[in-house]
Every structure is written in C-alpha cells, then in structure tokens.
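Structure at a glance
The chain contents come next:
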Amino acid sequence: MAQAVLTMPVIAVIGAKGGVGKTTVAANLGTTLAETGHAVLAVDLDPQNALRFHLALDREACETGLAGVLAGRANWTQAMQPGRGGVVLLPFGAIDDEHQIDLERHLADHPGWLAETLARFQLPPDTLVLLDTPPGPSVYLQQALRVAQLCVVTVLPDAGSFATLPLVDRMIDKYCRGRADFVADLYLVNQVDAGKRLNRDVLQALRHELGDRLLGVVHQDQAVCEALASAVDVRRYAPFSEAAEDFAQSARQILRRLAPPAPLAENRRP
Ligand SMILES: Nc1ncnc2c1ncn2[C@@H]1O[C@H](COP(=O)(O)OP(=O)(O)OP(=O)(O)O)[C@@H](O)[C@H]1O
Ligand SMILES: [Mg+2]
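Small disclaimer: the values here were computed from a predicted structure and weren't measured.

What about the site of ligand 1?
Ligand 1 sits among 18 residues. The nearest are G19, G21, K22, T23 and T24. Separating an oxygen atom of ligand 1 from a side-chain N or O atom of T24 is a distance of 2.5 Å. When ligand 1 sits alone it has 640 Å² of accessible area, and the protein chains cover 80% of it. Looking at the shell around ligand 1, the elements with two or more residues in it are α1 (22-35), β7 (184-192), β8 (214-219) and α11 (222-229). In terms of residue count, the dominant contributor to the shell around ligand 1 is α1 (three residues). Of the residues contributing to the shell around ligand 1, the split by class is five nonpolar, ten polar and three charged.

This is the structure:
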C-alpha cells in the first residue's frame, strides 16, 4: 500500500549510539525552531520517554503518550501536551515490558504507521515535526526514517562514533534515499571540546568524510546539563552560551536545507 503523503517537513534526530545527545538535540532544536515562528510538534519515539524531561510543562501528564493511544487508553488530543517554548510534545508514554513488545510488533507489522498517524493530525504545512529516536536499529528508527525528509545524525567527536558512520549510512540508504521527498542526512557533532586534541582530529576527519553533510557542532557546555536540571531549554537558561548559539546555527542550517513554507503570521500550534 502507498505510504501516506505528508505536507509538513519531518526531521528525525537519530544516532547509532546511546547517550550521544539525541534527545538533548531534538529538544533544543525544537525550541530554537519554534522561536523562528514555526509551529513545532516534537514526537518521542523512544520508550525511555525522556523527551518530556526537556520539553514537558507537566511531566506527570506524559504517562499516556502515543503508547497509551495505541493501547486504546486515550485519544491523540489527550496524549499531546503543551511543551516549553511553544513546542507541542507527543510523549512516548509510560509502558511496561509486555505492552512494549506488543507495540513493537504492531509497528513492525504496520511500516506506514507513523506516516498515517502524522497525516491524520492534518497539521498546517508550516509545522515542523521533530522525532526523537532510541539508539541504533529499532522499529522506532525504521518508522522515523520512512517519513523523515531530513535526518540529523548525532555523533560524538570520538573514534566510536566515527566507526558507526557506515551503519547509519546503510540505514539511510535503505529507508530514505530512494524517496522523492527525502532532502538530506546532516551530521551534528555533539559535545565538542576544542581543547582536546582527539576531538579536533576526529572533527577534521568528519569534515573530510562528510563535506556539506556536516550540519555543525554543539560544544560540550555545562549550560546543557544545568538547563536540563532546571527544566528549561538551553536558550532560555543561558541565551549567550556556546551551546545556545550552536543550536541556533544548526536550526538556521536546517531551515535553509528544508526551505519549509513560511510560518503563518500567527504562530499556530498543531
Ligand atoms: N553539548 C552538551 N554539553 C554537555 N552535556 C551534554 C551535551 N549534550 C548532551 N549532554 C548530556 O549528555 C547526556 C546524554 O544526553 P541525551 O540523553 O540527550 O543522549 P541520548 O543520545 O538521547 O541518549 P539515549 O541514547 O539514552 O537516548 C545528558 O546528561 C545530557 O545532558
Ligand atoms: Mg535519548
């Protein structure tokens, strides 16, 4: 069956490894992009349900999430939550192991689930959809890659991340590059410490390897962890921090590459 056609840009934040900063990047790109006047829907496709720590105004209300809707416990309106910086958050929801296995089986059996679900929301075309994903190959990553116009691949400036590039490339080849609406896979190097020689060397190697697929860098910045602990995004916690400027630059690059419809005069929420 043909996949549902989406009119709004979908950005998937992905990464082959755990703990590289995917959720941090998804959240901060979300709030930074929302500042440009676009409506932003941030969807947590990771059973850790961690995007809420960055974005939710009410974490307790994130127990339902998309897992709750799939289990028939709620509808989409109940699952969506107002988030920080005007972002609308669709949390993953809290789920036990058995329900998670059922849900993953459902997603494996319905490869077009995310495309159909996003199409059903009838979001205005100037909406940007951001997807947070778990590390490495999973049914969630497959769903995300099938709908993404842009993949933001988060890597660390270390040898381990460099070694995962072929795996990520194969996944993007399989699910994205054949699609007419796919724009690009862009790499964001997170937690860069310019004082460390290995970081500088790996960054140089990544520049050489990726060329214009290198989206940018986010520096290792205490403000990132402190912002999370204070339950605000980096831009609001420390507007002049290195990381806030890095996220702003990456957001500008993303908008340049996607060229989404201009935001409507009044910033609308999905
Ligand atoms: N640029 C940065 N500077 C400082 N700390 C950072 C930065 N980016 C991420 N971190 C910290 O690194 C840790 C891991 O980040 P995060 O949870 O976003 O990674 P992840 O890739 O989503 O992890 P997982 O694979 O478990 O989903 C967090 O404590 C976060 O605050
Ligand atoms: Mg994460």
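Observations regarding the sheet that holds strand β2 (residues 40-44)
In space, the eight strands of this open sheet follow the order β3-β4-β2-β5-β1-β6-β7-β8, with mixed pairing throughout. Of all the strands in the sheet, the pair left with one neighbour each is β3 (81-82) and β8. Of the strand pairs in this sheet, strand β6 (residues 150-155) and β7 are connected by six bridges, and their pairing is parallel. Considered in β7, the bridge of T154 is made with L188.

Concerning the packing of aromatic side chains
Under the definition given, this model contains three aromatic pairs. On the numbers, 6.5 Å between centres and 40° between planes, the contact of W76 with W113 is tilted. Placement of W76 in helix α4 (residues 76-79) and of W113 in helix α6 (residues 113-120) is noted, with a sequence separation of 37 residues between them. The class of W113 is buried, set by a relative accessible area of 8%. With a centroid separation of 5.6 Å and 80° between ring planes, the pair formed by F92 and Y140 is classed as edge-to-face. Taken together, the residues span a long stretch of sequence, with F92 in the loop between β4 (88-90) and α5 (97-109) and Y140 in helix α7 (residues 139-147) at a distance of 48 residues. The same class applies to F92 as to Y140, namely buried.

Considerations on the nonpolar core
Grouped together as the largest cluster of nonpolar side chains are 53 residues, with contacts concentrated most on L118 and L131. Ranked by residue count, the leading element in this core is α7, at six residues. With residues up to four places along the chain from it excluded, the contact list for L118 reads L6, M8, V10, L41, V129 and V147. Listed in part, the 35 residues of the second largest apolar core include I11, L51, A251 and L255.

Some points on α6
Among the residues of α6, W113, L114, A115, T117 and L118 are the ones counted as buried. Note on α6: the residue one or two positions beyond its end, Q122, has a positive phi of about 50°.

Some remarks on the pattern of salt bridges
Going through the model one piece at a time under the given rule, you end up with 14 salt bridges. Its salt-bridge partner being D185, residue R213 comes within 2.7 Å of it at the nearest N-O pair. Residue R213 is located in the loop between α10 (197-210) and β8, and its partner D185 is located in strand β7; the two are separated by 28 residues in the primary sequence. The residue R236 makes a salt bridge to D233 at a minimum N-O spacing of 3.0 Å.

A closer look at the packing of α6 against α7
Look at α6 against α7: their axes get within 8 Å of each other, and the N-to-C directions meet at 55°. Here α7 runs oblique to α6, going by the angle between their axes. For the pair formed by α6 and α7, the contact residues are W113, L114, A115 and L118 on the first element and Q143, A144 and V147 on the second. By residue class, the composition of the contact of α6 with α7 is six nonpolar, one polar and no charged.

Conventions adopted
- Residues numbered from 1 in each chain as written.
- Chains lettered and ligands numbered in written order.
- Predicted model: local features only at pLDDT ≥ 70, side-chain atom pairs only at ≥ 80, totals over all residues.
- Heavy atoms only, no water.
- Near = heavy atom within 4 Å.
- Polar contact = N/O pair within 3.5 Å; in protein donor to acceptor, adjacent residues only side chain to side chain.
- Areas by Shrake-Rupley, 256 points an atom, 1.4 Å probe, with all protein chains shown as cover.
- Helix = DSSP H or I, 4+ residues; strand = E, 2+ residues; numbered from the N terminus.
- Nonpolar A, V, L, I, M, F, W, Y, C, P; charged D, E, K, R; others polar.
- Pairing = 2+ DSSP bridges.
- Phe/Tyr/Trp six-rings, centres within 6.5 Å; stacked < 30°, edge-to-face > 60°.
- Buried < 20%, exposed > 50% of the residue type's maximum accessible area, 1.4 Å probe, protein only.
- Core = buried A, V, L, I, M, F, W, Y, C linked by side-chain atoms within 4.5 Å.
- Contact = heavy atoms within 4.5 Å.
- Salt bridge = Lys/Arg side-chain N within 4 Å of Asp/Glu carboxyl O.
- Axes fitted to C-alpha atoms, helices over the stretch in contact; angles between N-to-C directions.
- Parallel < 35°, antiparallel > 145°, perpendicular 65-115°, else oblique.

Treat this as a map of the structure, not an account of what it does.
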